[in-house]
Amino acid sequence: MAKTKGALIGCGFFAVNQMHGWQDLDGVEIVAICDRDPERLHLVGDQFGVDRRYRSADEMFDDGGFDFVDIATTVGSHRALVELAASHAVPVICQKPFAPALADAKAMVAAAEKAGIALMIHENFRWQTPILAVRAVLDSGVIGEPFWGRVSFRSGFDVFSGQPYLARGKRFIIEDLGIHSLDIARFLFGDASRMTARTRRINPDIAGEDVATMLLDHDNGITSIVDVSYATKLPEEPFPETFVEIDGSRGTLRLGKDYKLTVHGPDGTTRSVVAPNLLPWASRPWHNIQESVALIQKHWVERLAEGREPDTSGRDNLKTFALVEAAYRSAEYGETIAIADLL
Ligand code: NAD
Ligand code: 89Y
């Protein structure tokens, strides 16, 4: 059977994971890559054996010959590149964060819909093995109806050495990492209607906030706390693990350090380890994230073939991105923000 052909724009720090993920999928071949930095183009092109290399996305689209494009650049270029893909009617995956602002994200969804193409946001954290395990427990009904939850990511890991731009942005942890935690909260507890947030900057060497505490009212009555920090110095560094606590009408669930999952219900307590697989190309501690890249890319290819909307489509991800926007507004004005007013 003919392979699905893809092109990748942005051959930086994270794109290498995406290239590995594509390489592992039997039915996919990345036939062209693009980066304005010739060194990155050379490095990634040689590592993955891709001959068609471009410094300009316009030129790559003009030459065409691919069924989808994977955008792995940083946020500033997302809107222009998604609109470029739409103008060539090429289905597109775009890395998180969706866009610099909600208005851009809405314009990107509109452009994709007008062109009749699929748009998926690479929101991979909900595809992590431990998070999928938590979702499966909720679906089993063993803890009953959830009424309270917490999604927590607290770390002191140096993310700035690999991603130096993170230290320079006016917005940092909510836009970069909290966006994943907020999406996990939506995945586990459903859409949210109200957001209250507080932020702090502890690290004096960065421009944005590195601590955020967010309170969400979900449509189904669940209250959740999403708390994120890159200023938390623990005896054992948990990066990049997300901890989850859920209280339900019949029991409780706790996902803690080293992927330990404890589920307590009317029939007793079960303890298990829901660790991610260490893929051959992955490296600790990133393997949890790396496996979720492979899983979301598989999901994209399946949905593309079926002509069905991916779970983290642009339309869906507007609701996660609205929570990001709401958190910044709430922290700035000290108010609770109604999400419907943003969408
Ligand atoms: P990076 O700066 O290392 O790489 C981006 C690359 O894109 C650079 O090589 C740059 O030259 C190239 N580029 C930028 N604009 C371009 C354009 N218009 N045309 C061609 N090339 C262009 O950044 P990174 O750390 O790899 O992050 C990329 C994206 O991945 C960010 O949005 C980041 O938030 C996201 N990310 C996601 C995860 C995740 O788990 N989903 C993890 C880390 C990073
Ligand atoms: O950019 C971030 C992401 O998406 O996952 C972890 C990260 O690399 C640093 O916060």
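Residues numbered from 1 in each chain as written. Chains lettered and ligands numbered in written order. Predicted model: local features only at pLDDT ≥ 70, side-chain atom pairs only at ≥ 80, totals over all residues. Heavy atoms only, no water.

Enquirer: Go over the pattern of salt bridges with me, naming the residues and quoting the values.
Expert: A complete count under the given rule lists 24 salt bridges for this structure. Its salt-bridge partner being Arg53, residue Asp46 comes within 2.8 Å of it at the nearest N-O pair. Overall, the relative accessible area of 46% leaves Asp46 in the partly exposed class. For Arg53, a relative accessible area of 29% gives the class partly exposed. Close ionic contact of Lys257 with Asp258 constitutes a salt bridge, the shortest N to O distance being 2.9 Å. Owing to a relative accessible area of 26%, Lys257 belongs among the partly exposed residues under this scheme. By sharing partners, the salt bridges in this structure join Arg126, Asp183, Arg186, Asp191, Asp316 and Lys319 into a single network. (Salt bridge = Lys/Arg side-chain N within 4 Å of Asp/Glu carboxyl O. Buried < 20%, exposed > 50% of the residue type's maximum accessible area, 1.4 Å probe, protein only.)

Enquirer: Outline the pairing of strand β8 (residues 192-200), supporting the account with residue identities and numerical values.
Expert: Of the pairings in the sheet, the one linking β8 to strand β9 (residues 211-218) comprises eight bridges and is antiparallel in character. Bridge pairing in β9 links Ala192 to His218. Sheet analysis places β8 next to strand β15 (residues 337-338), joined by two bridges and oriented antiparallel. Along β15, the bridge assignment pairs Arg194 with Ala338. (Pairing = 2+ DSSP bridges. Helix = DSSP H or I, 4+ residues; strand = E, 2+ residues; numbered from the N terminus.)

Enquirer: Got a sec to walk through the domain arrangement of the protein? Specific residues and values, please.
Expert: Each assigned domain of the protein is listed here: domain 1 (4-117) and domain 2 (126-283 + 320-341). Relative placement of domain 1 and domain 2: their C-alpha centres are 28 Å apart. Counting residues at the interface gives 14 residues for domain 1, matched by twelve residues for domain 2. Carbon and sulfur atoms supply 70% of the area buried between domain 1 and domain 2, which totals about 1100 Å² over both sides. (Domains from an automatic or database assignment. Contact = heavy atoms within 4.5 Å. Buried area = accessible area lost by both parts, 1.4 Å probe.)

Enquirer: Please provide a residue-by-residue account of the environment of Gly265, values included.
Expert: By the element assignment, Gly265 lies in strand β13 (residues 260-265). What makes Gly265 buried here is its relative accessible area of 7%. A C-alpha to C-alpha distance of 30 Å links Gly265 and Gly178, two positions 87 residues apart in sequence. Residues contacting Gly265, with those up to four places away along its chain left out, are Val142, Arg250 and Gly251.

Enquirer: Which residues make up the site of ligand 2, and what values do they have?
Expert: In the vicinity of ligand 2, the contacting residues are Lys96, Phe125, Val159, Gln163, Asp176, His180, Tyr230 and Trp286. In the model, an oxygen atom of ligand 2 is placed 2.9 Å from a nitrogen or oxygen of the Lys96 side chain. At 2.7 Å from an oxygen atom of ligand 2 is found a side-chain nitrogen or oxygen belonging to His180. Notes on ligand 2: free accessible area 270 Å², of which the protein chains cover 94%. Grouping the amino acids of the shell around ligand 2 by side-chain chemistry returns four nonpolar, two polar and two charged. (Near = heavy atom within 4 Å. Polar contact = N/O pair within 3.5 Å; in protein donor to acceptor, adjacent residues only side chain to side chain. Areas by Shrake-Rupley, 256 points an atom, 1.4 Å probe, with all protein chains shown as cover. Nonpolar A, V, L, I, M, F, W, Y, C, P; charged D, E, K, R; others polar.)

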